[in-house]
Amino acid sequence: MPEDRPTMPPVVLHTEAELARDALSAPLFVRAVRLARWADPHKPVGAGGELLADELREAVKELGLDDDEDGPGYAAEAWQLALDIGLVEVEGPEGPEDTAETAEAVDADGAPADGTPLAPGADAPEPAGTARPGEELPRFAGGAPQEVLELWLNGLETVLADAAAPDLADIIDQLSEGDELDLDALDWNPEEEADFLDGVLGNLYLLTALDEETTDRAVPLPALAASMIVPDDMDEPTDAVLEEVSDAMMRLDEQFRMLAPTGIVDYRPVDEELIEEVDGEGRVSEPERGIAESEVDEDDVARYGMVRLTPLGLYAVRSRMLEAGVHAPVVGELAPADAQTLLAALPGFPDAAARAEAEQWLAERTATDAAAELLAAARGDDPEAPLRRLTCQQTLTLVGPEAEPALRAVLDDPRLGGLARVWLAEHGVDQVPEPSEEMVFWLTVDTIAAQLAAGGDSEELRELVQGLVDRSAGFFDSVWRVEHPATAEVLEAMGRLHPDKKTAKEARKAAFKARSRH
């Protein structure tokens, strides 16, 4: 793998069958399938494939929606999606292949579905062709999980593109004033807008992958917006930056409202009472500063919008990352790998993902074979060996007592005998020989070296160092003699970490002796 290739933490994905069921139950796709079947044997449509006024009213009724509120818009969106992914095909003077690219959503009066009026001089669409169920309908509604997910992803791409598009009302305002369409005047850059939305979804993916407690935790919308706007090195966001965060929140609120029916996110929108008109633009009222800085009561935070990736969303974002060249591993990919590869990879995983990956790897082998393979891979005096052995020891905690013969086989190994005794003791095995003092000190150095490699000067390591020294009189008189490649490095770290100045000085002296010895 190229060193500069971006890498994400591993995630746990649902099975394709489960994901396909989620895709088929996403509200927007449910409506699209229903309208595609409703189009049998045919329905008159406009030149762009759009439903005409009477048919749109019928579609609203077919979907059981309210004709007076958002029903026409929801029906038009579902119809457009059906066109985009081939659930519906149109035959007309211009041919069926041109309709999906030119269709526009309209309401029951022939105007755009969001309620904005037609541009001056524009006429309501006239019948120009007929629509019928498309070839993709049976593949999506009753196909294999892979086929369903492929079509769902295609549909998601069209919705993502719409979410990153400029506000239709602003375009209508320009055209109604007789001006030509000027994207610069709309303060809209298509690439920047798409990149921003991709970045937001990427942050949600990362937060989901790193969340050790639960994958169901929603993220406050202000925190998500701030993660994209506030520079990492800014201790106190300025008013200008907070205004940007507020604007980004409102744009994300609109986008997540559009994306939620696809099944990619669960979204609780911003409370309407918190939105007020400021200089003609909708912005979040105070306390926006506190929200961005995570200083507001948790009960109040939810009113500012909460979002999380669904399992289907996790799958979708990962698929898009893979297309962009990002390395986005999935838990379970290492099951067929050798133990060396497993032990090298697990330290970079979040704890929950590391355990799940190890369990799947072990499930492919007998306990005895797995233990023997792990122990063989843990050998070595290279700089990565201590962390490899610690990872081996952690993985072996998941192995049952039937692995005892493999552990007993390495009791006399100076590199593995210590961790083998730990495992045997934890499993209550009798007749385990006591380790030599040399082995105890070697295992101590190896464990601290591994902790340094895993997390640096962590608080956990500080407590470990203090406990070791405090329990063992004359610890430094013996440990500097240990024949371990990392002895001096470990003693220097102990000198940094131990809170007692006298003890820290003893550790540094011992480190000097260890270096002089070699």
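Our structure is the block above this text.
Residues numbered from 1 in each chain as written. Predicted model: local features only at pLDDT ≥ 70, side-chain atom pairs only at ≥ 80, totals over all residues. Heavy atoms only, no water.

(A) Molecular detail of the overall build of the protein chain. On a plain count of helices and strands, the protein chain comes out with 25 helices and eight strands. Relative to its 518 residues, the protein chain shows a buried fraction of 45%. For the protein chain, long-range pairs separated by at least 24 residues make up 70% of all intrachain contacts whose partners lie at least 6 apart in sequence. Total accessible area on the protein chain stands at roughly 26,300 Å², and carbon and sulfur atoms take up 48% of it. (Helix = DSSP H or I, 4+ residues; strand = E, 2+ residues; numbered from the N terminus. Buried < 20%, exposed > 50% of the residue type's maximum accessible area, 1.4 Å probe, protein only. Contact = heavy atoms within 4.5 Å. Areas by Shrake-Rupley, 256 points an atom, 1.4 Å probe, with all protein chains shown as cover.)

(B) Representation of the sheet that holds strand β4 (residues 219-220) in the model. Overall, antiparallel pairing links the three strands, which are arranged β4-β8-β5 in an open sheet. Here the strands that pair on one side only, and so sit at the sheet edges, are β4 and β5 (265-268). Judged from the four bridges that link them, β5 and strand β8 (residues 306-309) form a sheet pairing that is antiparallel. Opposite D266, over in β8, you have R308 as the bridge partner. (Pairing = 2+ DSSP bridges.)

(C) A look at a negative patch on the surface. On the surface, D66, D67, D68, E69, D70, E77 and D162 cluster together into a negatively charged patch. Tracing the backbone through its elements, the reader meets D162 in helix α7 (residues 145-163). D162 sits in the partly exposed class, given a relative accessible area of 44%. (Patch = residues over 30% accessible without salt bridge, like charges linked within 9 Å, V, L, I, M, F, W, Y side chains within 5 Å. Salt bridge = Lys/Arg side-chain N within 4 Å of Asp/Glu carboxyl O. Lys, Arg positive; Asp, Glu negative; His and termini not counted. Charge placed at Lys NZ, Arg CZ, Asp CG, Glu CD.)

(D) Up close: the sheet that holds strand β1 (residues 43-45). Here three strands make up an open sheet; going across it, the order is β1-β3-β2 and the pairing antiparallel. Either end of the sheet is taken by a strand with one partner, and the two such strands are β1 and β2 (88-91). Shown here is a sheet whose adjacent strand axes are inclined to one another by a mean of 35 degrees, direction ignored. Direction of pairing for β1 relative to strand β3 (residues 129-133): antiparallel, over a ladder of three bridges. Directly across from K43, in β3, lies its bridge partner A131. (Axes fitted to C-alpha atoms, helices over the stretch in contact; angles between N-to-C directions.)

(E) Representation of the pairing of β8. Of the two faces of β8, both are covered, the one formed by M306 and R308 as well as the one formed by V307 and L309. Strand direction decides the pairing type here: β4 and β8, joined by two bridges, are antiparallel. What sits directly across from V219, in β8, is V307.

(F) Molecular detail of the pattern of salt bridges. As enumerated under the stated definition, the model contains 25 salt bridges in all. Of the charged contacts, one joins R257 and E272 as a salt bridge, the two residues approaching to 3.3 Å between their closest N and O atoms. Of the two residues, R257 is situated in helix α11 (residues 239-259) and E272 in the loop between β5 and β6 (275-278); the sequence distance between them amounts to 15 residues. The class of R257 is partly exposed, set by a relative accessible area of 36%. Here R355 and E359 are joined by a salt bridge, their closest N and O atoms 3.1 Å apart. Of the two residues, R355 and E359 are both situated in helix α16 (residues 351-363); the distance of four residues between them amounts to about one turn of the helix.

(G) Representation of a positive patch on the surface in the model. A contiguous patch of positive charge, built from R481, K505, R508, K509 and K513, is present on the exposed surface. With respect to the helices and strands, R508 occurs in helix α25 (residues 501-517). With a relative accessible area of 47%, R508 lands in the partly exposed category.

(H) Structural view of helix α4 (residues 71-84). The end-to-end C-alpha distance of α4 is 20 Å, a good match for the 20 Å that 14 residues give at a rise of 1.5 Å each. Across the 14 residues that make up α4, a large majority, eleven, are buried. Here α4 has its buried residues at G71, P72, G73, A75, A76, A78, W79, Q80, L81, A82 and L83. Just downstream of α4 lies G86, where phi reads positive at about 85 degrees. (Expected span 1.5 Å × (residues − 1).)

(I) Up close: the nonpolar core. Counting residues in hydrophobic clusters, the biggest one holds 79 residues, and the most contacted among them are W79, L87, W152, Y205, F256, L259 and L309. Of the residues forming this core, the biggest block, nine residues, is contributed by α7. L334, F349, A354 and L419 belong to the second-largest nonpolar core, a separate cluster that totals 35 residues. (Core = buried A, V, L, I, M, F, W, Y, C linked by side-chain atoms within 4.5 Å.)

(J) Representation of the packing of aromatic side chains in the model. What the rule picks out here adds up to six aromatic pairs. When the ring of W38 is compared with that of W79, the centres are 6.1 Å apart and the planes differ by 85 degrees; the resulting orientation is edge-to-face. Here the residue W38 occupies a position in helix α2 (residues 27-38), and W79 occupies one in helix α4, the gap between them amounting to 41 residues. For the pair shown, W38 and W79 are each scored as buried. Aromatic pair F441 and F475: ring centres 5.8 Å apart, planes at 50 degrees, arrangement tilted. (Phe/Tyr/Trp six-rings, centres within 6.5 Å; stacked < 30°, edge-to-face > 60°.)

(K) Molecular detail of the pairing of β2. Here β2 shows one buried face, formed by V88 and V90, and one open face, formed by E89 and E91. As paired elements, β2 and β3 share four bridges and run antiparallel to each other. From the neighbouring strand, V90 faces β3, where its bridge partner is A131.

(L) Region of the structure containing helix α17 (residues 367-377). Those residues of α17 that fall on the buried side of the exposure criterion are A367, A370, A371, L374, L375 and A377. Axial view of α17: buried residues confined to an arc of 165 degrees, hence all on one face. For α17, the elements touching its buried residues are α15 (339-345), α16, α18 (385-396), α19 (404-408) and α20 (417-426). (Arc of directions from axis to C-beta.)

(M) Region of interest: unusual backbone geometry. For the peptide bond that leads from D40 to P41, omega is 10 degrees, which places it in the cis range. Within the secondary structure layout, P41 lies in the loop between α2 and β1. You will see that Q431, though not glycine, has its phi angle at about 60 degrees, which is positive. By the secondary structure assignment, Q431 is in the loop between α20 and α21 (437-455).

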